[in-house]
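# Observations on chain architecture
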Amino acid sequence: MKLLFQSDDYGITNGVSAGIRYAIENGLVRSSGLFVNMPSSLMAASYINNYPNVCFGIDINLVAGKPVSDISKVSSLVDENGYFYSSGYIKKHHKLLRNENGVLIFEEDPYNYEETLYEVENQVKKFIEYTGRKPGYIHTHSLSTLNTRKAIEEVALKYDLKVSYLTWKANGYKRVKVDWNPKPFPFEDQLNTDVETKFIEALEKCKDEEKMVFVCHCGYMDHELFQCSTYTAIRTKDLINATSDRVKRYISDNHIEIVNYDDLD
């Protein structure tokens, strides 16, 4: 089996970024998407060139922190203080009709297309400014709607970027089924979740597959994380899993090859 092992949200906070770097240096993470709009983003980006074996993409973030664009040009995406509406707010204040393979279909899409397109492109430009290169792939964060996906795919086409979910499909990769991170996910439940065991059990269920992708959220908890995400303690559990000797042995014993987006067409 080939396994694309991805940890999202690099740059969301200093603690999360440090945890992802630890998972790269001591574990299985070989792909990670950078947030470019957070106070810790620039520092996180400064480490990227230290890891030539890792494919760093961009996580398009429309639910935490402030836009990189002039707020007057993306006013529908932000509250009165200039911060993105959280995913929780979006779901509470917009009528959700259904979920189609991870895309949330609302009665009226909460994301104005033109403003979303403008912000998505500016986030890609910010990645290039911070790193001196294009992202290795582009990925959605937290929630997807028809308009956010359309905007991401248009920007990806313009900048010749791999779109995560389209790249998986084109290369025949299926997602490892993760059924242990419900939303909402109470803090105590996160603390009690044994990701290491659950991950191995999930791999067992798909061990006859040739190509799989696993997306997680490694990191350390810090004060800033509690201000911008409900995914807190579970990140430390994902970090344990990504660096676990037990998991590494399972990977080795089952001849699983860890790959990243640079290995995919």
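Up top is the structure.
Now for a look at the structure at hand. As the structure is a prediction and not an experimental result, all values here were calculated from the model. Just so you know, the residues in each chain are numbered from 1, in the order the chain's sequence is written. Selection of residues for local features in this predicted model requires a pLDDT of at least 70, selection of side-chain atom pairs for listing and counting requires 80 or more, and totals for whole chains, interfaces and linings are taken over all residues. Side-chain figures throughout are based on the complete set of non-hydrogen atoms in the structure, without hydrogens or water.

Here the focus is the pattern of salt bridges. A side chain with one charge may pair with a side chain of the opposite charge, provided their charged atoms come close. Any carboxyl oxygen of Asp or Glu that lies within 4 Å of a side-chain nitrogen of Lys or Arg is treated as forming a salt bridge with it. Tallying each qualifying case throughout the model produces seven salt bridges. With a shortest N-O distance of 3.0 Å, Asp9 and Arg235 are connected by a salt bridge. Note that Asp9 is positioned in strand β1 (residues 2-10) and Arg235 in helix α10 (residues 233-243), a separation of 226 residues in sequence. Only protein chains enter the accessibility calculation, which uses a 1.4 Å probe; a residue is then buried when its area is under 20% of its type maximum, exposed when over 50%, and partly exposed in between. We classify Asp9 as buried; its relative accessible area is 1%. The buried category is assigned to Arg235, whose relative accessible area is 1%. The closest approach of N and O atoms between Glu204 and Lys207, which form a salt bridge, is 3.4 Å. The exposure class of Glu204 is partly exposed, given its relative accessible area of 36%. Working definition: helices are DSSP H or I runs of at least four residues, strands are E runs of at least two. Numbering for both runs from the N terminus.

Before going further, it helps to examine the packing of aromatic side chains. Note on aromatic contacts: the rings of Phe and Tyr and the six-membered ring of Trp form a pair at centre separations within 6.5 Å, being stacked when their planes are under 30 degrees apart, edge-to-face when over 60 apart, and tilted otherwise. Following the criterion strictly, the structure yields nine aromatic pairs and no others. Aromatic side chains Trp180 and Phe214 sit 6.4 Å apart centroid to centroid with 40° between the ring planes, which places their arrangement in the tilted category. Of the two residues, Trp180 sits in the loop between β8 (174-175) and α7 (187-191) while Phe214 sits in strand β9 (residues 211-216), which places them 34 residues apart along the sequence. Three or more aromatic residues link up through ring pairs in this structure, and these residues are Phe5, Trp180, Phe199 and Phe214. Note on criteria: charge over ring means Lys NZ or Arg CZ within 6 Å of the ring centre, with the direction from the centre no more than 35 degrees off the ring normal. Cation over ring: Arg149 sits above Tyr165, and NZ or CZ is 3.8 Å from the ring centre.

A separate point is the layout of surface pockets. A cavity, in this analysis, means grid points on a 1 Å lattice covering only the protein atoms where a 1.4 Å probe fits yet has no way out; a pocket is instead an open set bounded by protein on both sides within 12 Å along at least five of seven lines, and a residue lines either one if it has an atom within 4 Å of a point. Grid points are joined across faces, edges and corners, and a volume is the space filled by probe spheres set on the points. Each pocket or cavity is described by its volume, and for the second largest pocket that value is around 190 Å³. Lining the second largest pocket, in full, are Arg175, Val176, Lys177, Asp179, Trp180, Lys198, Glu201, Ala202, Lys205, Cys206 and Met212. Considering every element that reaches the lining of the second largest pocket, the biggest residue donor is helix α8 (residues 195-205), with four residues. Each residue belonging to the lining of the second largest pocket can be placed in one class, and the counts come to five nonpolar, no polar and six charged. By the convention adopted, Pro, Cys, Tyr, Trp, Phe, Met, Ile, Leu, Val and Ala count as nonpolar, Lys, Arg, Asp and Glu as charged, and the other residues, Gly among them, as polar.

The next point concerns the nonpolar core. To form a nonpolar core, buried Ala, Val, Leu, Ile, Met, Phe, Trp, Tyr and Cys residues must be joined to one another through side-chain atoms within 4.5 Å. One finds Leu3, Phe5, Leu34, Ile138, Leu203, Phe214 and Cys218 to be the most contacted residues of the largest nonpolar core, which totals 81 residues. Not counting residues within four places of it along the chain, the set of residues in contact with Phe214 comprises Leu3, Leu4, Phe5, Gln6, Val176, Val178, Trp180, Phe199 and Asn241. Residue contacts are defined here by distance: any two heavy atoms, one from each residue, within 4.5 Å place the two residues in contact.

Moving on: the packing of helix α1 (residues 14-26) against α10. Note on geometry: axes are lines fitted to C-alpha atoms, helical ones only across the stretch in contact, with angles between N-to-C directions running from 0 to 180 degrees. Contact geometry of α1 with α10 gives a least axis separation of 9 Å together with a crossing angle of 10°. With respect to α10, the axis of α1 lies roughly parallel. In this structure, α1 crosses over α10, and the sense of that crossing is left-handed. Within the contact between the two elements, α1 uses Val16, Gly19, Tyr22, Ala23 and Asn26 and α10 uses Arg235, Leu239, Ala242 and Thr243. Of the residues assigned to the contact of α1 with α10, the class counts are five nonpolar, three polar and one charged. An angle counts as roughly parallel when it lies under 35 degrees, as roughly antiparallel when it exceeds 145, as roughly perpendicular when it falls between 65 and 115, and as oblique in every other case. Crossings are classed by handedness, with left-handed meaning an anticlockwise turn of the near helix from the far one by less than a right angle and right-handed meaning a clockwise turn.

Relative to the elements of secondary structure, Asp238 occurs in helix α10. The buried charged residue Asp238 lacks any salt bridge, with Arg235 as its nearest oppositely charged partner at 7.2 Å. The definition of a polar contact used here is a pair of N or O atoms within 3.5 Å, where within protein one atom must be able to donate a hydrogen and the other to accept one, and adjacent residues in sequence count solely through side-chain atom pairs. Here His217 takes part through its backbone nitrogen, which lies 2.9 Å from a polar atom of the side chain of Asp238. Once you skip the residues sitting within four places of it in the chain, Asp238 turns out to touch Val195, Cys216, His217 and Cys218. The charge count treats Lys and Arg as positive and Asp and Glu as negative. His and the chain ends do not count.

Residues separated by three or four positions in an α-helix point in the same direction, a consequence of the helix having 3.6 residues per turn. Restricting attention to buried positions, one finds in helix α11 (residues 245-253) the residues Val247, Tyr250 and Ile251. Each buried residue of α11 lies within a common arc of 100° when the element is viewed along its axis, so the set occupies one face. When the buried face of α11 is taken as reference, the exposed residues oriented beyond 90 degrees from it are Asp245, Arg249 and Asp253. In this fold, the buried residues of α11 make contact with β1, α8, α10 and β10 (257-259). The N-terminus of α11 is capped by Ser244, whose side-chain oxygen sits 3.1 Å from the backbone nitrogen of Arg246. What the arc measures is the spread of directions leading from the helix axis to the C-beta atoms.

Sheet architecture is open: three strands sit in the order β4-β5-β7, paired in mixed fashion. The open sheet has two edge strands, β4 (96-100) and β7 (144-145), and neither has a second partner. Two strands make a pair as long as DSSP finds a minimum of two bridges between them. Bridge count for strand β5 (residues 103-106) against β7 is two bridges, and the pairing is parallel. In the strand pairing of β7, Val103 is matched with Ser144.

Distances and angles like these do not, on their own, reveal function.
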